[in-house]
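# Structural description and commentary
The primary structure of each chain is shown beneath.
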Amino acid sequence: MKTRNDAIALDGDDPLARLRDRFALTPDVIYLDGNSLGVPPIAAAARAQEVIAHEWTEGLIRSWNAAGWFALPRRLGDKLAPLVGAAPDELVVTDTISVNLFKLLSAALKMASERDSGRRVIVSERANFPTDLYIAQGLIEQLDRGYTLRLVDDPAELPDAIDEDTAVAMITHVNYRTGHMHDMAALTQVIQRAGALALWDLAHSAGAVPVDLNGVHADFAVGCTYKYLNGGPGSPAFAWVAKRHQDALAQPLSGWWGHRAPFEMDPVYAPGQGIGRFLCGTQPIVSMSLVEAGLDVFLATDMQAIRRKSLALTDAFIELVHTRCAGQPLTLVTPRAHAQRGSHVSFEHPHGYEVMQALIARGVIGDYREPRVLRFGFTPLYTRFVDVWDAVETLRDVLETNAWRAPEFAARHSVT
Ligand SMILES: *Cc1c(COP(=O)(O)O)cnc(C)c1O
């Protein structure tokens, strides 16, 4: 891709190009932040209208049965399952990643200690998304049983850090800052050979890269629906538990939605069979209903096609930044090797925050992550090659003209 016309030609040959029509895109915006909050599918607005005007207004309480509200977390779980290599009744859409990590990490620690009470270490990466580490820290404190969190600084150190003391390795597949992707099959094998359990965070993987949870024989996973799955701001996350573990696993948020028979109103908790026991309480039905509009778009394609386009987009972006912005103090922090890259690309710049604000002011929306990282997400369902070209040209201009030095771009917002 050497010219803007090359980019237009690539879009002309793109088998996924027509899927862009299913999204409510804003004119004059190049949106490279679908890894943080996806764009609304056009169907989402009609679905919201239907849920509020028909299911809620007319159906009222009857809709828990008649509109399938009560079954929604499991029905959407089954719909999402094929995108991450899960089987029916292995996945529920519910709560947030933070809450689901709390449930699954506590359950996994209990399972590990029943097998071998000496295992008191949770292994993760210091560069993991902070909420994952915070949840582990809070749980360790709450349990007060001598658990520790062992953090490595380099992904390559993980295999050596997982040993006979390890209860659970809690690993995020694609790193939120660098875009580095782990080899999930190889690492799951290392974890399980050491006698530990593998808990994967798929926040930047689901809908972005092919994942095969059962194929790699993973134990547990959590993931997000408002990033690459386009479910809407704060749409519920998901939790996955391998079939073989479900009935042996006790989760601590033993709310009534996870009960064997919630409407028997039994004063004693008895967990349900299957994945339903990982639910806790009443779910945000309006928000959860919109998740389906996002998932439906994936029915028209498959993760292999999405991955092919994602790699083509990210390759093109990396090459263009190197050629068109040569001489600028930009350092690629995302691995170039395809097997180690997710669907976003990050560059460090000494004034990353200001540069990103200047880009956003010109309609190129990426985001900024501490320290100094400009982050650009590529979502093959709606990102075009010409968007890649135009985004790099805008970046080049912002850097060459020093437009980012305008004082208004230095003001810090609470969400970066
Ligand atoms: C986005 C993200 C989260 C978000 O957690 P919530 O509790 O759903 O807000 C968690 N972990 C990772 C790795 C993420 O990228």
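For the structure itself, consult the block above.
What comes next is a walk through the structure. (Residues numbered from 1 in each chain as written. Predicted model: local features only at pLDDT ≥ 70, side-chain atom pairs only at ≥ 80, totals over all residues. Heavy atoms only, no water.)

### A word on the pattern of salt bridges
Within the structure shown, the criterion is met by 27 salt bridges. In this structure, K309 engages D14 in a salt bridge whose closest nitrogen and oxygen atoms are separated by 2.7 Å. Placement of the pair is K309 in helix α11 (residues 303–324) and D14 in the loop between α1 (4–12) and β1 (30–31), with a sequence separation of 295 residues. Since its relative accessible area comes to 6%, K309 is described here as buried. Residue D14 is classed as buried on the basis of its relative accessible area of 10%. (Salt bridge = Lys/Arg side-chain N within 4 Å of Asp/Glu carboxyl O. Helix = DSSP H or I, 4+ residues; strand = E, 2+ residues; numbered from the N terminus. Buried < 20%, exposed > 50% of the residue type's maximum accessible area, 1.4 Å probe, protein only.)

### So, the packing of aromatic side chains
One pass over the full model with this rule turns up 11 aromatic pairs. Seen in terms of ring centroids, F129 and Y176 are 5.1 Å apart; in terms of plane orientation they differ by 85 degrees. Their pairing is edge-to-face. Of this pair, F129 sits in the loop between β3 (121–125) and α6 (130–143) while Y176 sits in the loop between β5 (166–172) and α8 (184–193), and the two are 47 residues apart along the sequence. Classification of F129 as partly exposed rests on a relative accessible area of 33%. By relative accessible area, which is 9% here, Y176 ends up buried. The interplanar angle of 50 degrees and the centroid separation of 4.9 Å between the aromatic rings of F317 and F376 together place this pair among those described as tilted. You can see F317 sitting in helix α11 and its partner F376 sitting in strand β13 (residues 373–377), a full 59 residues away along the chain. The exposure class of F376 is buried, given its relative accessible area of 2%. Members of the aromatic cluster, each reached through a chain of ring pairs, are W64, W69, F70, W256, W257 and F263. When the ring centre of Y147 is taken as origin, the NZ or CZ atom of R120, which lies over that ring, is 5.2 Å away. (Phe/Tyr/Trp six-rings, centres within 6.5 Å; stacked < 30°, edge-to-face > 60°. Lys NZ or Arg CZ within 6 Å of the ring centre and 35° of its normal.)

### Digging into the site of the ligand
As a matter of local geometry, the ligand sits amid T96, I97, S98, F129, T131, D132, T172, D201, A203, H204, Y226 and K227. I97 is positioned with one of its backbone polar atoms (N or O) 3.1 Å from an oxygen atom of the ligand. Separating a nitrogen atom of the ligand from a side-chain N or O atom of D201 is a distance of 3.1 Å. If the ligand stood free it would expose 390 Å²; the protein chains cover 88% of that surface. Of all the elements in the fold, those that place two or more residues in the shell around the ligand are α5 (97–115) and α6. When the residues that make up the shell around the ligand are grouped by side-chain class, the tally is four nonpolar, five polar and three charged. (Near = heavy atom within 4 Å. Polar contact = N/O pair within 3.5 Å; in protein donor to acceptor, adjacent residues only side chain to side chain. Areas by Shrake-Rupley, 256 points an atom, 1.4 Å probe, with all protein chains shown as cover. Nonpolar A, V, L, I, M, F, W, Y, C, P; charged D, E, K, R; others polar.)

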